[in-house]
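# Chains, contacts and geometry: an overview
Spelled out from the first residue to the last, the chains are:
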Amino acid sequence: MKYTRILLQIFMIGCLATGFLSSCGDDDPDTPAARAKRTVLIYMCAENNLSSLQYYDSIEIVRGAANLPDNVNLIMFGDRTSKSVKPYIARVDKNGIHIVKSYKEDFYCTDKEKMSEIINWVFTKYPADSYAMTFWGHSNGWITVPDKNIAKANAKRKAYGWDSGVDNPDGGDGINKFINIPELAEVLSKTQHLDYIFFDCCQMMCAEVTYELRNVCDYIIGSPAEIPGHGAPYDNVVQDFFLAKENVGKAIADDYIKNTNFSLNGADGLPLSVVKTSNMENLIAVTKNAIDTVMVHYPYPNNLPVYDIIYYGKNDAAANNPIFYDLRNVMRKYLSKEDFDTWDNVFQQTVVYSLHPRDVSETRTEEWISQELHLSNFRKFKMNDETYGGLSMFIPQTYYSNVDSKKHLNPNISIKTMQWNKVIDWTKFGWE
C-alpha cells in the first residue's frame, strides 16, 4: 500500500493521534445538516489488531472523497485501540475530514444498543433521500464463536466486529465482543432502510447472513471468503458508494479487484458477489425444494459428500473444519440438469453479480488471500464459471459434533439461530 505525504492526510493522522478530536470539527452536532441525495456511514470497528490499518484506510477514504459532489454525505465512525483517542464520528468531503462528534469514554461499539444509537444519530444528523452502510473490520459470517475464556462464555465472539474492550473504563474484563447477525438485523430494522450494505470484512456472503438481513437493505455486497487485512481500495470505491443503488455492487466489486495488487501476497484475486435481497425469499423456496430432493438420500448419520465442493476457508471455531460451502456448487453437483437449470435461474436473479479468481498459469489453481494475509491454496476443487456462485451455505456433517465443546462450537447446533436454517430445517433428515 502506498502512503501519501499530502499535508491534509498528515493533519488528519495528527488530529486523531493527539486526541484533539473536537478541534478538527466544524459542524454543529445538534443541528441537522441539509438534506442530501445519499448518506453513507462507514462503521469502523478497529479496537483490535486492525487498529493501525484503520489509520491508512481513513487516509484512503479522505483521498477517495476528494471528488465527491456537495449533495452527498460520507460519514465515518471510528473506534480503535488507543487510550487517548476516544470513539468519534467524522464527516469526510472534498475538503478533508471533520470530526463532528467525539465520545468522552470508550465503549463496546459492537454492543447492540450502542450501535443503534450511533447509526441513528448519524442518519438523524445527516438526513438524505437514501442511506447505505459499509461495515469495516473483522467478521466470520453467521458463526458464533466461544470466547477464549470459557468461564465468561456469556460474552461471546460473534459474527461482526471484535471489540477488545481494552480501552474501556473497566478494561473490558478481557472479553472480546462481536455482534451476531440476528442482533445486527434487529439494530438495522430500527433505523432507516438501506440502499445497500457493503461488508468490507470476511465471509459475510452467506445465504444465512443475506437472508437474515433481507428486510433491512436492497443489496448486500461482499466476499464469501476471507479478505485482505487492508480491505477495499477506498481511493477508488468511495465514489462508487453514491451511484444508483443497482449499480453500486458491480462497481465496488470491479474496482476492488482492479485496484488491489493481490500478487503481492501470491494470490490471484478474491471471490466477491452482490445479492439482491428482494429475491432471497424466492431463492430459499427453490433451495428448500432442492435440499429436500437431495437430502432424502443422506439422512443422519450419512454425510452429504462435500470433499470436492468449493469452500471458503477453514474455521478454527469448528476445529479447523471447512464450514462455508458454495451453494451453487452444491446444487450443480447434486441436482439433475433440468432441476439445476430451474434452481439456477432463481439464483442468478438473486446473486446479480459475482467475480472469482482466475487461473494465472497452467500449473496452479485459483488462490486468494486468507488467514491474516497468509495464502490458502484450495486444490481439492475447481473454481470456474460453471461451479462458482459466490454465496455460501452451511451443510451439516457428523464430524462437527465430535469436537471438544469447551474449545469449539458445534455448528450443527449453533446454525439453528439463523432464519435460513429454520426454513431449510435439517432436523427433518435426522440432524440434531
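Rules of the game
- Residues numbered from 1 in each chain as written.
- Predicted model: local features only at pLDDT ≥ 70, side-chain atom pairs only at ≥ 80, totals over all residues.
- Heavy atoms only, no water.
- Helix = DSSP H or I, 4+ residues; strand = E, 2+ residues; numbered from the N terminus.
- Contact = heavy atoms within 4.5 Å.
- Salt bridge = Lys/Arg side-chain N within 4 Å of Asp/Glu carboxyl O.
- Axes fitted to C-alpha atoms, helices over the stretch in contact; angles between N-to-C directions.
- Parallel < 35°, antiparallel > 145°, perpendicular 65-115°, else oblique.
- Left-handed = near helix turned anticlockwise from the far one by under 90°.
- Nonpolar A, V, L, I, M, F, W, Y, C, P; charged D, E, K, R; others polar.
- Disulfide = S-S within 2.5 Å.
- Buried < 20%, exposed > 50% of the residue type's maximum accessible area, 1.4 Å probe, protein only.
- Pairing = 2+ DSSP bridges.

## Quick notes on the side chain of Thr39
- Within the element layout of this structure, Thr39 appears in strand S1 (residues 36-46).
- Filtering out sequence-adjacent residues up to four positions away, Thr39 remains in contact with Asn73, Ile75, Val122, Phe123, Tyr126, Pro127, Ala128, Ser130, Tyr131 and Ala132.

## As for the pattern of salt bridges
- Scanning the model with the defined rule gives 18 salt bridges in all.
- Here Lys245 ties to Asp218 by a salt bridge, and the two come within 2.7 Å at their closest N and O atoms. Here the residue Lys245 occupies a position in helix H7 (residues 245-258), and Asp218 occupies one in strand S10 (residues 217-222), the gap between them amounting to 27 residues.
- For Asp344, the salt bridge identified is with Arg328, shortest N-O distance 2.8 Å.

## Describing unusual backbone geometry
- A cis amide bond links Tyr300 to the next residue, Pro301, at an omega of 10°.
- The residue Pro301 is located in the loop between helix H8 (280-295) and strand S12 (314-315) in this model.
- Notably, Trp162 is not glycine yet its phi reads approximately 60°, a positive angle.
- Tracing the chain through its elements places Trp162 in strand S7 (residues 160-163).
- Backbone geometry places Gln203, a non-glycine residue, at a positive phi of 60°.

## Some points on the packing of helix H9 (residues 327-334) against helix H10 (residues 337-350)
- It is at 10 Å that the axes of H9 and H10 come closest, and there the two elements cross at 165°. With respect to each other, H9 and H10 are oriented roughly antiparallel. Classified by chirality, the crossing of H10 by H9 is left-handed. Contact residues: H9 offers Leu327, Arg328, Met331 and Arg332, while H10 offers Phe340, Trp343, Asp344, Phe347 and Gln348.
- Looking at the contact of H9 with H10 residue by residue, the class counts come to five nonpolar, one polar and three charged.

## With respect to the state of the cysteines
- Within the structure shown, the criterion is met by zero disulfides.
- Free cysteine Cys109: the closest other cysteine sulfur is in Cys45, separated by 3.2 Å.
- Under the relative-accessibility criterion, Cys109 is labelled buried at 0%.
- Note on Cys201: no disulfide assigned, nearest cysteine sulfur contributed by Cys202 at a separation of 7.2 Å.

## Here we look at the sheet that holds strand S8 (residues 177-179)
- Ordered in space as S6-S7-S8, the three strands form an open sheet in which the pairing is antiparallel. What marks the edges here is a single partner per strand, and that holds for strand S6 (138-139) and S8.
- With two bridges connecting them, S6 and S7 associate as antiparallel partners. Within S7, the position partnered with His138 by the bridge is Gly161.

## Re the packing of helix H3 (residues 112-125) against helix H4 (residues 181-189)
- One can describe the packing of H3 onto H4 by two numbers: an axis separation of 9 Å at closest approach and a directional angle of 35°. Read as a crossing pair, H3 and H4 show a hand that is right-handed. Facing H3, whose interface residues are Lys112, Met115, Ser116 and Ile119, H4 presents Glu183, Leu184, Glu186, Val187 and Leu188.
- Residue classes in the contact of H3 with H4 are distributed as five nonpolar, one polar and three charged.

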